[in-house]
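Understanding the architecture of this molecule
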Amino acid sequence: MKKASKREEKILQFGEGNFLRAFIDSFIDELNEKGLYDGDIVIVQPIESPDDIIKKFNAQDCCYTVVLRGLVDGKQVSKQQLVKSVSRIINPYAEHELYMENIKNPALRYIVSNTTEAGIVYAPTQKPHDCMAEPPSSFPAKVTAFLYERYRFFGGAEDKGFVFIPCELIDNNGTQLREIVLRHAKEWDLPQGFCDWVERHNHFTNTLVDRIVTGYPKDEDFEKTLGYRDELIVTGEIFHFFVIEAGKEAAEEINRSLPFAKAGLNVLITDDVTPYKIRKVRILNGAHTMSVLAAFLCGKETVGDMMADELFVKFLQKGIYKEIIPAMKGKGLEEEDLLSFADSVFDRFANPYVKHYLLSIALNSVAKFRARVLPSILDYHRLFGDYPAALTLSLAALLVFYKTDKASDSEAILSFIQNDKVDKILANAELWGQDLTALPGFLEKITIHLQNIEKHGMKAEIEKVI
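Predicted model, so just to flag it, every value in this text is computed and none were measured. Per chain, residue numbering runs from 1 following the sequence as it is written. Reporting in this predicted model follows two pLDDT cut-offs: at least 70 for local features of residues, and 80 or more for side-chain atom pairs to be given and counted; totals over whole chains, interfaces and linings ignore these cut-offs and use all residues. Computation of side-chain values: all heavy atoms of the structure, hydrogens and water removed.

**Thoughts on the overall build of the protein chain**
Numbering of helices and strands runs from the N terminus; a helix is a DSSP stretch of H or I covering at least four residues, while a strand is a stretch of E covering at least two. Counting its secondary structure elements, the protein chain contains 22 helices and 13 strands. To get the radius of gyration, use the C-alpha atoms; to get the globule rule, take the number of residues to the power 0.38 and multiply by 2.2 Å. A compact globule built from 466 residues should have a C-alpha radius of gyration of about 23 Å, and the protein chain, at 25 Å, falls within 12% of that. Taken along its principal axes, the extent of the C-alpha atoms in the protein chain is 75 × 55 × 40 Å. Three exposure classes are used, based on accessible area relative to the maximum for each residue type with a 1.4 Å probe and protein chains only: buried under 20%, partly exposed in between, and exposed over 50%. Considering the protein chain as a whole, with its 466 residues, one finds that 55% of them fall into the buried category. Contacts are assigned to residue pairs with any non-hydrogen atoms lying within 4.5 Å of each other. Here the analysis covers contacts within the protein chain between residues at least 6 apart in sequence; of these, 77% occur between residues at least 24 apart. With an accessible surface of roughly 20700 Å², the protein chain has 47% of that area assigned to carbon and sulfur atoms. In this description, accessible areas are obtained by the Shrake-Rupley approach with a 1.4 Å probe, and a residue is regarded as covered only by the protein chains that are shown.

Now the structure itself:
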């Protein structure tokens, strides 16, 4: 695998993992291949780790294959892409001066990251004695040092700041990164002019990412299909959605320089990511949480097993189309958009290339239910004066599941649910964020579900609900 030519390095990326390589790196490569962009990516390892991944990148001239597979309108689709838009990969702990040389590159404009949820956190860090010679430990501190040397090298030039596109799975990821950078700058006693430059001439976007990336295919051999051996091959689902929340100036620049939509990519630049977060949490994540425990109690093992059973397809249809979406009225998205996203969920759940175990999804289900499903129940009741049957059944299924030895949560939560009565459980505001028994008729609704499950079984109660 060899590149035809190298482009200018315009993107600095913290993180070499599977997700970024099958997500935004794949997008950049499509832009390059279609003549809509002309820039390469420099990857920086965000944490100190063995050089095995660097050796693999270098052995393949920083090229790798992305294989995307799934269902589109119920039909199996497979796509292969040889990504050639990574120019090099750097270990800043072993090659820190080489890494910091990137501050001198006038073409460098974007900083992308995925340092996990633990990456964008504040950690007390001393200012490096020499920023060019030693790396700070945390990711935000590295960014602070990098920005400061960039500011010094270009004399605070307005056009030499960056557009940050973080992909960490936390709310307001860009805003949080900026706040920590400015906190480090203040604690390191850096000049006020630098802080002003960070705030005025660097854009910290907030993002929402959505694609299942299944990583290296350990149980499959692609060498014969591809015609070459790829130690960095990464697999994922066909579906993707990327929302970038940016101010007007940054949004115009991203749309102009990185025209994702023109390349046919499902990337949205907006001034408010909130409606799309709600859509993902309530429809995609909520559908998982409302269905998997009932499915497990009916003997299913994977999401694929569940989707092969017409009963659960109908249960999901009831929950999503008749309860979750109606409860999202006034959340900032048109019904057509919600229905289209919901349709994609069924293809994603039935994807034969993704083996998603129900017990994996079931981890910490109380917290997931509180965040993903309960808001839909409350909004449905507020709008329609009744409680949604499928969603309330899913809470009853949770309570039944937590009485089994398969439930996985904190010892305190498990012990409480396993040893107390339903009225005490629903009244616990620490679990649900409020006393659910204070909702008129809610305790009775859940109690009836539980009594029916005990008498007739979970399957019979699902049949009744749908």
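**Some remarks on helix H10 (residues 274-297)**
Helices are assigned an expected span. That span is 1.5 Å times one less than the residue count. Its 24 residues place the ends of H10 34 Å apart at the C-alpha level, agreeing with the 34 Å of an ideal helix rising 1.5 Å per residue. Bend, at a single residue, is the angle you get between axes fitted to the 7 residues ending at that residue and the 7 residues starting at it. When the local axis directions of H10 are compared, the greatest deviation, roughly 40°, occurs at Gly286. By the criterion of burial, H10 is predominantly enclosed, with 19 of the 24 residues buried. Of the residues one or two after H10, Gly299 is the one with positive phi, at around 95°.

**Details of the packing of aromatic side chains**
Each pair of aromatic rings is reported with the distance of its centres and the angle of its planes. Stacked, tilted and edge-to-face pairs are distinguished by plane angle, under 30 degrees for stacked and over 60 for edge-to-face with tilted covering the rest, among Phe, Tyr and Trp rings (Trp via its six-membered ring) whose centres lie within 6.5 Å. Summed over the entire model, instances satisfying the criterion amount to 26 aromatic pairs. Summarising the aromatic geometry, the rings of Phe14 and Tyr99 are spaced 6.2 Å apart at their centres and angled 85° between planes, so their arrangement reads as edge-to-face. One end of the pair, Phe14, is in strand S1 (residues 9-14); the other, Tyr99, is in helix H4 (residues 96-100), with 85 residues separating them in the sequence. Here the two residues Phe14 and Tyr99 agree in accessibility, since each one is buried. Of the aromatic side chains, those joined through ring pairs into one cluster are Phe14, Tyr99, Phe139, Phe146, Phe162, Phe164 and Phe204. Comment: the charge-over-ring label is applied if NZ (Lys) or CZ (Arg) is within 6 Å of the ring centre and within 35 degrees of the ring normal. Taking the ring centre of Tyr64 as reference, the NZ or CZ of Arg21 above it sits at 5.1 Å. In this arrangement the basic side chain of Lys160 is found over the ring face of Phe154, its NZ or CZ atom lying 5.4 Å from the centre.

**Some remarks on unusual backbone geometry**
One non-glycine residue, Asp61, adopts positive backbone phi at about 55°. You can see Asp61 is positioned in the loop between helix H3 (52-59) and strand S3 (64-72). Unlike most non-glycine residues, Cys62 shows phi in positive territory, near 60°. Of note, Cys62 is situated in the loop between H3 and S3.

**Quick notes on the pairing of strand S11 (residues 234-237)**
Here, any two strands with at least 2 DSSP bridges between them count as paired. Pairing between S3 and S11: four bridges, direction parallel. What sits directly across from Val67, in S11, is Thr235. Sheet analysis places strand S10 (residues 213-215) next to S11, joined by two bridges and oriented antiparallel. Note on S11: the bridge partner recorded for Val213 is Gly236.

**Examining the packing of helix H21 (residues 442-456) against helix H22 (residues 458-465)**
Relative to each other, H21 and H22 sit at 130°, their axes nearing to 7 Å. Considering their axes alone, H21 and H22 lie oblique with respect to each other. Contacts between H21 and H22 involve His449, Asn452, Ile453 and His456 from the first element and Met458, Ala460, Glu461, Lys464 and Val465 from the second. Residues were grouped as follows: Ala, Val, Leu, Ile, Met, Phe, Trp, Tyr, Cys and Pro as nonpolar; Asp, Glu, Lys and Arg as charged; and all remaining residues, including Gly, as polar. The class makeup of the residues in the contact of H21 with H22 is four nonpolar, three polar and two charged. Axis definition: a line fitted to C-alpha atoms, limited for helices to the stretch in contact. Angles are taken between N-to-C directions and run from 0 to 180 degrees. Comment on the angle field: the value is read as roughly parallel under 35 degrees, roughly antiparallel over 145, roughly perpendicular from 65 to 115, and oblique elsewhere.

**A short note on the side chain of Thr65**
Looking at the secondary structure, you find Thr65 in strand S3. The class of Thr65 is buried, set by a relative accessible area of 1%. Polar contacts here mean pairs of N or O atoms no more than 3.5 Å apart (in protein, one a potential hydrogen donor and the other a potential acceptor; neighbouring residues in sequence count only if both atoms are side-chain atoms). Within the local environment of Thr65, its side chain forms a polar contact with the side chain of Tyr228, the two groups lying 2.7 Å apart.

**Structural notes on the pattern of salt bridges**
By definition here, a salt bridge exists when the distance from a side-chain nitrogen of Lys or Arg to a carboxyl oxygen of Asp or Glu is within 4 Å. Counted by the stated rule, this structure contains 21 salt bridges. A salt bridge links Arg88 to Glu9; the nearest nitrogen and oxygen atoms lie 2.7 Å apart. Linking Arg88 in strand S5 (residues 86-90) with Glu9 in strand S1, this pair joins segments that are 79 residues apart in sequence. Look at Arg88 and you get partly exposed, because its relative accessible area is 24%. Exposure remark for Glu9: the relative accessible area of 17% places this residue in the buried category. When salt bridges with common partners are traced through the structure, they connect Arg282, Lys331, Asp379 and Arg382 into a single cluster.

**Some points on the sheet that holds S11**
Backbone hydrogen bonds are what pair the strands of a sheet, in a parallel or an antiparallel way. On the basis of which strands lie adjacent, the open sheet formed by four strands has the order S4-S3-S11-S10 and mixed pairing. The open sheet has two edge strands, strand S4 (75-83) and S10, and neither has a second partner. For this sheet, the mean inter-axis angle between neighbouring strands, taken without regard to orientation, is 20°. Note that S3 and S4 share nine bridges and pair antiparallel. Among the inter-strand pairings, Tyr64 is bridged to a residue of S4, identified as Val83. Lying on the sheet, helix H2 (residues 24-33) is in contact with S3 and S4; it crosses S4 at an angle near 75°.

**With respect to the sheet that holds strand S6 (residues 110-113)**
Read from one edge of the open sheet, six strands run S5-S2-S1-S6-S7-S8, paired in parallel fashion. In the strand order of this sheet, the two ends are held by S5 and strand S8 (203-204), each with one partner. Two strands pair when backbone bridges link them, and strand S2 (residues 40-44) and S5 are joined in this way by four bridges, in the parallel orientation. Bridged to Ile41 within S5 is Val86.

**Looking at the side chain of Ser138**
Mapped onto the secondary structure, Ser138 falls in the loop between S6 and helix H5 (139-153). For Ser138, the side chain forms a polar contact with the main-chain nitrogen of Ala141, separated by 3.2 Å. What Ser138 contacts, discounting residues up to four positions off in sequence, is Ala123, Thr125 and His184.

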